[in-house]
Amino acid sequence: MRKNKHKDILERSILRRKDVVADVMSALVFRGKRKIDPTDLQEADSSQVYEEVERGYFKEAYRDNIMCLLDEKKEIKLYLAIENFTKLSKDVV
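Bear in mind the structure is a predicted one, so any value in this text is a computation, not a measurement.

Some details on the pattern of salt bridges
Tallying each qualifying case throughout the model produces 4 salt bridges. Between Glu43 and Arg16 there is a salt bridge, with the nearest N and O atoms lying 3.2 Å from each other. With a gap of 27 residues between them, Glu43 in strand E1 (residues 41–43) and Arg16 in the loop between helix H1 (5–14) and helix H2 (18–29) connect regions that are remote in the sequence. A residue is classified by how much of its surface remains accessible, and Glu43, at 41% relative accessible area, is partly exposed. For the salt bridge of Asp23 with Arg34, the shortest nitrogen-to-oxygen distance reads 2.1 Å.

Criteria and cut-off values
- Residues numbered from 1 in each chain as written.
- Predicted model: local features only at pLDDT ≥ 70, side-chain atom pairs only at ≥ 80, totals over all residues.
- Heavy atoms only, no water.
- Salt bridge = Lys/Arg side-chain N within 4 Å of Asp/Glu carboxyl O.
- Helix = DSSP H or I, 4+ residues; strand = E, 2+ residues; numbered from the N terminus.
- Buried < 20%, exposed > 50% of the residue type's maximum accessible area, 1.4 Å probe, protein only.

Here it is in structure tokens:
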């Protein structure tokens, strides 16, 4: 078992809470100003299908957590994704 597996599971379960995601995004994106109401968040499908071009087949990956920010009409306004990386990848901005 990976060394940090239990920490990852705990982190993912905490980040499924709408109030926590609203606080984290408010802190990171809006410099601490509460601009995201937890009642405007909805959990989204975290699977992602992509093509391994060199190998000629498709793969599926799962993100740690994705929430949708809904507008007044309850339509998706924005996707919010939070990822946990043990080691930073050059592909992540």
